[in-house]
Amino acid sequence: MANASDTGYHRQMSNERIVVVTGASRGAGKGIALALAQPGTTVYVTGRTTAAGQTSLPGTITQTAAEIDERGGTGIAVAVDHDDDTRVQALFDRIGNDHGRLDVLVNNAIALPAGLTDKGPFWTKGLDLLSLHGVGLRSTYVATYYAAPLLTESGGGLVVNTSSFGGTCYMHGPAYGSGKAAVDKMAHDMAVDFKPFDVAVVSLWMGLLKTEVNMAAFSARPDLYDGLVATAESVEFPGRVIDALSRDRDRMKYSGRVLVAAELAQEYGITDVDGSTPPSHRPFLGDPPEFSSAVID
């Protein structure tokens, strides 16, 4: 009889996967969902934008789901405000009823308040920047909490917290930095609890992405961003990395670690959608943290 690990590995290699990507109306979440959209893969995408015009930014979860279908996967859009725990619980209750398991969870939902990138010390900015600690930090914990029984059902699963170099360097101030540092440490600690169930948990540092917001900034200030645009990653690039990691039979060796997407891509021989090989920003933004191996229950 196959054990949980073997069953999970066989399922992932055959593309028969159940995936959740939170915050997938646009940006990195949408790109990751599309990169995971393959025949046999059902991708649940969450977000608050269900119709055009609800926000000034383009993209909806229904559009993302439709594009997943076009790529041969099965896209399911579920309207979820990740600031509402009951909505999150209902999402995973639905997946449990429909499938009885979950193979990949990507925690990407985050609140990006206005003024986040404004110059100046944190006390000159509004306290609404702390919304990052609600949708972004707390929502990562809550989603994984309700997903855990499904992830442990048959083993072989993967949880990815999307993060950035802001977890260790100064980036956009203490609200943003502390939120990223927290989801990094959360991945490490969750990995300890998930290890007996053959479920890997990592935090993935993405580089500068070609999101809708960033592309608008690039166009507005080409003099400022010209050098950065050349090495920016497509929004699908981290999804390609996540896809490869989810299929890696030895993925547990990465569990509990903070990984740089560009570096893991090089290990797997993955390129971006245009065939380029995005560089790691480690040389000028710093190293990911190394956590203690001590475990105190």
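Starting from 1, residues in each chain are numbered consecutively following that chain's sequence as written. A pLDDT threshold of at least 70 governs which residues receive local features in this predicted model, and a stricter bar of 80 or more applies before side-chain atom pairs are shown or counted, although totals over entire chains, interfaces and linings include all residues. Side-chain measures were taken over the full set of non-hydrogen atoms in the model, leaving aside hydrogen atoms and water.

Where an unreviewed UniProt entry is consulted, the protein chain appears under the name SDR family NAD(P)-dependent oxidoreductase, with the organism given as Gordonia cholesterolivorans. According to UniProt, the comment filed for the protein chain under the heading Sequence similarities (unreviewed entry) is "Belongs to the short-chain dehydrogenases/reductases (SDR) family." UniProt positions are given in the numbering used here, feature names are shortened, and annotations may be inferred rather than shown by experiment.

Caption draft 1: Up close: the sheet that holds strand β1 (residues 17-21). A sheet is described by the order of its strands in space; here 7 strands give the open sequence β3-β2-β1-β4-β5-β6-β7, paired in parallel fashion. Each edge of the sheet is formed by a strand with only one pairing partner; in this case those strands are β3 (74-79) and β7 (258-260). On average, adjacent strands in this sheet sit at an angle of 20° to one another, irrespective of strand direction. Strand pairing is defined by DSSP finding a minimum of two bridges between the two strands. Runs of E in the DSSP output that reach at least two residues are strands. Runs of H or I that reach at least four are helices, and both are numbered from the N terminus. Where strand β5 (residues 158-163) and strand β6 (residues 200-205) come together, 6 bridges link them in parallel fashion. Bridge pairing links Leu 158 to Ala 200 in β6. Whether two residues touch is decided by their heavy atoms; if any such pair falls within 4.5 Å, the residues are in contact. Whenever a helix is involved, its axis is fitted only over the stretch in contact; in every case the axis is a line through C-alpha atoms, and angles between N-to-C directions fall within 0 to 180 degrees. Together, β5, β6 and β7 form the strand contacts of helix α6 (residues 174-194), whose direction differs from that of β6 by roughly 160°.

Caption draft 2: Molecular detail of unusual backbone geometry. One non-glycine residue, His 172, lies in positive phi territory at about 65°. Mapped onto the fold, His 172 is located in the loop between β5 and α6. Burial status follows relative accessibility: with a 1.4 Å probe on protein chains alone, a residue under 20% of its type maximum counts as buried, one over 50% as exposed, and anything between as partly exposed. Overall, His 172 belongs to the partly exposed group, its relative accessible area being 30%.

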